[in-house]
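Notes for the structure review
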Amino acid sequence: MSLLKTEDLQMYFPIRGGVLRRAKTYVRAVDGVSFTIEKGETFGLVGESGSGKTTIGRMILKIIQPTGGKIYFDGVDITKAKGKQLKQLRARMQMVFQNPYSSLNPRKTVMQILKDPFRIHRHLSNREAEHRVITLLEMVGLSAEHAQRYPYEFSGGQRQRIAIARAIALSPEFVFFDEPTSSLDVSVQAQILKNLVQLQETFGLTCLFVTHNIEVIQCVADRVGVMYLGKLVETGTNEAIFSNPLHPYTKALFSAVPDVDPDVKKERIMLPGEITSAVGKLPACRFFNRCPLAKEGLCDVVEPQLRDVGKGHMVACHMVPDGAGLADVPRAS
Amino acid sequence: MEKLVEVEDLSVSYYSYRGVVHALNGVSLEVGQQETIGLVGETGSGKSTIGLAIVGLIPNPGRVDGGKISIDGEDLSGKSKDQMREFRRTKLALIFQDPSTALNPVLRIGDQLAEAFAAKRGISRKEAKKMAVDILAEVGISNPKVANQYPHELSGGMKQRVMIGMALTGNPELLIADEPTSSLDVTLQAQIMELLADVSKKKQMAVLLITHNIGVVSRYCERVAVMYAGNIVETGTTRNVLKFPAHPYTQGLLSAVKLGTRKQLTSIPGTVPDLINLIPGCPFAPRCSRVMDVCSKVKPRLTKVKDDQYAACHLYEGAMPA
């Protein structure tokens, strides 16, 4: 059963100008994105800077209000949730931010930071809450002695552990991870991911995992969505996307990541130019200007819609034939 | 291969208020003519400090405590500030991670490049301006109007192209590129790395590529040196080091980078050591899975493991003398 569902989600940020501060034009950060996340599943969103992946997560967590579309959480439309309903939701969905240096209050001890969720949502006694905090710290690989320290006394990896502890404090059903390891060194990244995978299995967490690091997504995600300029261009199971990438952008993105093994010679697809700005008028297919397969009179006129090309592998591209998904390597159980 | 840069037993410390940070502890490194060598390591391993030491720009409160650096056979240690400046002008160039802080925000792109040309080649401003437009074309910016724009009008990828152009104004023999693509998206990273590989070949430059991205090293470098806590722990041809890592740290680093599937996730336990209170012996010993008694007593030296591959680890000492 799906825990989370977005329908035609849309976020247009206005660019204001003139004396009356009227919206002159819009940044179309997210433009009609629909996906579902099943219970206990990790859905990974990849894409480059400015593709809208973080904005999606922020809308789901109700940090920003979408300009269009619907978000269903556990079957209930939460798009307009506020007040008491929103507070209850907040206990059920949490977030881990990219930068652990700015997401922890520098003036509070770890104990105070981690006690907050219990104080606000659970009305526990002080002793009970402190007890829970210690358990939490141990779950993320820290110990009781760390509780009275301040964030500045910790390394980046340890801070991210504290942020994760805070996110799982209330046993939420859904956690949004926004580039949780991109500010960390690789050896620490592996430690944190290991811890995350462990916690996820213990709690049966449903996750939205956003990153630009393709290896990380391949490691943690059950299903993957690839974003380009506010649009979802391809979705499928981890195995489908990585064994048989179909959208020309996905192919180019994967080919741009150099392999660690010097003997692996990847086919390299060089994309000309850079990601276009999401301001103002855009071509029907957002990837039209840089696409090696682009067909004039089609791709710049008719917007490609996500469609199933076999085995649930969805692609938004006119040039990918039906049935292309049948070549996917099946999902290992 | 002719040697271009020779770093011998280099030690650099930063004299901070918290104590003396031993950033480099006896590092030796060679860069051949026209060679592209990768310097990898995690934050604080000292890779940027090596680059800065080579160009003689260790910032305060840092000091070179010992060792020798020579370029083209010329010892740099006795050089005055002016001599070093002259040396940099003719032989060296540097590219930094963040191009938006490396460019002057109030000067037009063309003027900045022209200024560099005029200073480095002693030509007139007018000539220099023309050369600025040419160099932009050479780094893939064919639109001459860009010369009249300011840095903030350009994207990150474009700015890094300008930085590469800037580095080329003096026809350097050695280009030190410090994390040149770390602030860029992967498709841009590929573009910039291809450009770097291209111009270094055309201009016959050696490149010291400082990065934490092992994939980039694998694709673009002939040789690689792996750093840990101010030491080079392994060096050799890229293929040897990445295919058959000898040092336990390199092995751990590579498996941490490869990630694989959830079940394959492996990590190096513990954290990097404190560079103020150095421990005796091997700096990796507290995290090493193959630690022996000797490791906490004697610091291992780089030892030959096989042809074109050296590791600083007691596992290999005595096994095969260098």
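Anything mentioned here points back to the structure above.
Just so it is clear, the structure is predicted and the values come from calculations on it, not from any experiment.

As a further point, take the sheet that holds strand 3 (residues 42-46) of chain A. By definition, the strands of a sheet pair up through backbone hydrogen bonds, in either a parallel or an antiparallel sense. All names here are of chain A. Across the sheet, which stays open at both edges, the eight strands sit in the order 6-7-8-3-9-10-12-11 with mixed pairing between neighbours. Edge positions in the sheet fall to strand 6 (93-96) and strand 11 (307-308), since each of these pairs with one other strand and no more. In this structure, strand 11 lies alongside strand 12 (residues 314-315), joined through two bridges in antiparallel fashion. What sits directly across from arginine 307, in strand 12, is valine 315. Here helix 2 (residues 83-92) sits on the sheet and contacts strand 6 and strand 7 (174-178); the angle it forms with strand 6, its principal contact strand, is near 55 degrees.

This part covers the packing of helix 5 (residues 156-168) of chain A against helix 6 (residues 186-203) of chain A. Residues and elements named next belong to chain A. It is the contact of helix 5 with helix 6, at a shortest axis distance of 10 Å, that shows an interaxial angle of 15 degrees. In this view, helix 5 runs roughly parallel relative to helix 6, as classed from their interaxial angle. Two packed elements cross with a definite hand, and for helix 5 against helix 6 that hand is right-handed. The segment helix 5 lies against helix 6, with Gly157, Gln160, Arg161, Ile164 and Ile168 engaging Val188, Gln191, Ile192, Asn195, Leu196, Leu199 and Phe203. The class makeup of the residues in the contact of helix 5 with helix 6 is seven nonpolar, four polar and one charged.

So, on to the sheet that holds strand 3 (residues 36-40) of chain B. Residues and elements named next belong to chain B. Here we have eight strands laid out as an open sheet, ordered 6-7-8-3-9-10-12-11, and mixed in their pairing. The two strands at the open ends of the sheet, each matched to only one other strand, are strand 6 (92-95) and strand 11 (303-306). Put simply, the sheet's adjacent strands are angled 20 degrees from each other on average, direction ignored. Taken together, the five bridges between strand 3 and strand 8 (residues 206-211) define a ladder with parallel strand orientation. Bridge assignment links isoleucine 37 to a residue of strand 8, and that residue is leucine 208. Strand contacts of helix 2 (residues 81-91): strand 6 and strand 7 (174-178), with the helix running at about 80 degrees to strand 6, the strand carrying the most contacts.

Below, the discussion takes up the pairing of strand 4 (residues 62-71) of chain B. Residues and elements named next belong to chain B. In this sheet, strand 4 lies alongside strand 1 (residues 3-16) in antiparallel orientation, the contact comprising eight bridges. Residue pairing for strand 4: valine 5 is matched across the bridge by isoleucine 71. Relative to strand 5 (residues 74-75), strand 4 runs antiparallel, the two sharing two bridges. Bridge assignment links isoleucine 71 to a residue of strand 5, and that residue is glutamate 74. The hairpin turn running from strand 4 into strand 5, its antiparallel successor, is two residues long, and aspartate 72 in that turn takes a positive phi close to 55 degrees.

What follows concerns unusual backbone geometry. Note on backbone geometry: most residues besides glycine have negative phi, and most peptide bonds are trans. Residue and element names in this part refer to chain B. Here the bond from asparagine 60 into proline 61 is cis, since omega is 0 degrees, no more than 30 degrees from zero. Topologically, proline 61 is positioned in the loop between helix 1 (47-54) and strand 4. In this structure, glutamate 179 is a non-glycine residue whose phi angle is positive, near 50 degrees. When you line up the elements, glutamate 179 lands in the loop between strand 7 and helix 7 (186-202).

Moving on, we get to the nonpolar core. Counting residues in each nonpolar core, the largest one holds 66 residues, and the members touching the most others are Leu114, Leu193, Phe209, Ile214, Val224 and Tyr249 of chain A. Examining the composition of this core, we find that six residues originate from one element, helix 5 of chain A, more than from any other. When sequence neighbours within four positions are dropped, the list of residues in contact with isoleucine 214 of chain A reads Val46, Phe242, Leu253, Phe254 and Val257 of chain A together with Val186 of chain B. The next biggest cluster of nonpolar side chains, apart from the first, holds 62 residues, and it includes Ala128, Leu188, Val233 and Ala285 of chain B.

What follows covers the packing of aromatic side chains. All names here are of chain A. Using the criterion set out here, one finds 12 aromatic pairs over all chains in the structure. Judged by centre distance (6.4 Å) and plane angle (70 degrees), the rings of phenylalanine 73 and phenylalanine 174 are edge-to-face. One end of the pair, phenylalanine 73, is in strand 4 (residues 68-73); the other, phenylalanine 174, is in strand 7, with 101 residues separating them in the sequence. Residue class for phenylalanine 73 comes out buried when judged on its relative accessible area of 1%. On the accessibility criterion, phenylalanine 174 (0% relative accessible area) is buried.

Moving on, we get to the packing of helix 4 (residues 109-121) of chain B against helix 5 (residues 125-138) of chain B. All names here are of chain B. At a closest axis distance of 8 Å, the pairing of helix 4 and helix 5 adopts a crossing angle of 115 degrees. With respect to the hand of their crossing, helix 4 and helix 5 are arranged in right-handed fashion. Judged by residue contacts, Ile109, Gly110, Asp111, Leu113, Ala114, Glu115, Phe117, Ala118 and Arg121 of helix 4 engage Arg125, Ala128, Lys129, Met131, Ala132, Ile135 and Leu136 from helix 5.

Once that is clear, we can look at helix 7 of chain B. All names here are of chain B. Compared with an ideal rise of 1.5 Å per residue, which puts 17 residues at 24 Å, helix 7 spans 24 Å between its outermost C-alpha atoms and is within 8% of the ideal. Val186, Thr187, Leu188, Gln189, Ala190, Gln191, Ile192, Met193, Leu195, Leu196, Val199 and Ser200 are the residues of helix 7 that are buried. Looking one or two residues past helix 7, glutamine 204 carries a phi angle of roughly 55 degrees, positive in sign.

Chain B puts 39 residues into the contact, and the matching count from chain A is 39 residues. In total, about 3,300 Å² of surface goes out of reach between chain B and chain A, with carbon and sulfur atoms giving 55% of it. For chain B, the biggest contributors to the area lost against chain A are Arg219, Arg262 and Leu265 of chain B; these three give 23% of the whole. Note that lysine 243 of chain B is salt-bridged to aspartate 261 of chain A, the shortest N-O span being 3.0 Å. Across the chain B-chain A interface, the total number found is 14 residue pairs in polar contact (both at pLDDT 80 or more). Looking at the side of chain B that touches chain A, the elements that each hand over two or more residues are helix 6 (156-168), helix 7, helix 8 (214-220), helix 9 (238-243) and helix 10 (248-258) of chain B. When residues of the side of chain B that touches chain A are assigned to their parent elements, the largest contribution, seven residues, is made by helix 7 of chain B.

Moving on to the environment of alanine 256 of chain B. With respect to the helices, strands and loops of the structure, alanine 256 of chain B is situated in helix 10. Owing to a relative accessible area of 0%, alanine 256 of chain B belongs among the buried residues under this scheme. In this structure alanine 256 of chain B touches Val186, Ser187 and Ala190 of chain A together with Thr266 of chain B, once residues within four positions along its chain are discounted.

Let us now look at the environment of glycine 110 of chain B. All names here are of chain B. By the secondary structure assignment, glycine 110 is in helix 4. Note on glycine 110: relative accessible area 6%, which makes it buried. Those residues within four positions of glycine 110 in sequence are excluded, and the remaining contacts are Ala132 and Ala147.

Rules used throughout
- Residues numbered from 1 in each chain as written.
- Chains lettered and ligands numbered in written order.
- Predicted model: local features only at pLDDT ≥ 70, side-chain atom pairs only at ≥ 80, totals over all residues.
- Heavy atoms only, no water.
- Pairing = 2+ DSSP bridges.
- Helix = DSSP H or I, 4+ residues; strand = E, 2+ residues; numbered from the N terminus.
- Contact = heavy atoms within 4.5 Å.
- Axes fitted to C-alpha atoms, helices over the stretch in contact; angles between N-to-C directions.
- Parallel < 35°, antiparallel > 145°, perpendicular 65-115°, else oblique.
- Left-handed = near helix turned anticlockwise from the far one by under 90°.
- Nonpolar A, V, L, I, M, F, W, Y, C, P; charged D, E, K, R; others polar.
- Core = buried A, V, L, I, M, F, W, Y, C linked by side-chain atoms within 4.5 Å.
- Buried < 20%, exposed > 50% of the residue type's maximum accessible area, 1.4 Å probe, protein only.
- Phe/Tyr/Trp six-rings, centres within 6.5 Å; stacked < 30°, edge-to-face > 60°.
- Expected span 1.5 Å × (residues − 1).
- Buried area = accessible area lost by both parts, 1.4 Å probe.
- Salt bridge = Lys/Arg side-chain N within 4 Å of Asp/Glu carboxyl O.
- Polar contact = N/O pair within 3.5 Å; in protein donor to acceptor, adjacent residues only side chain to side chain.

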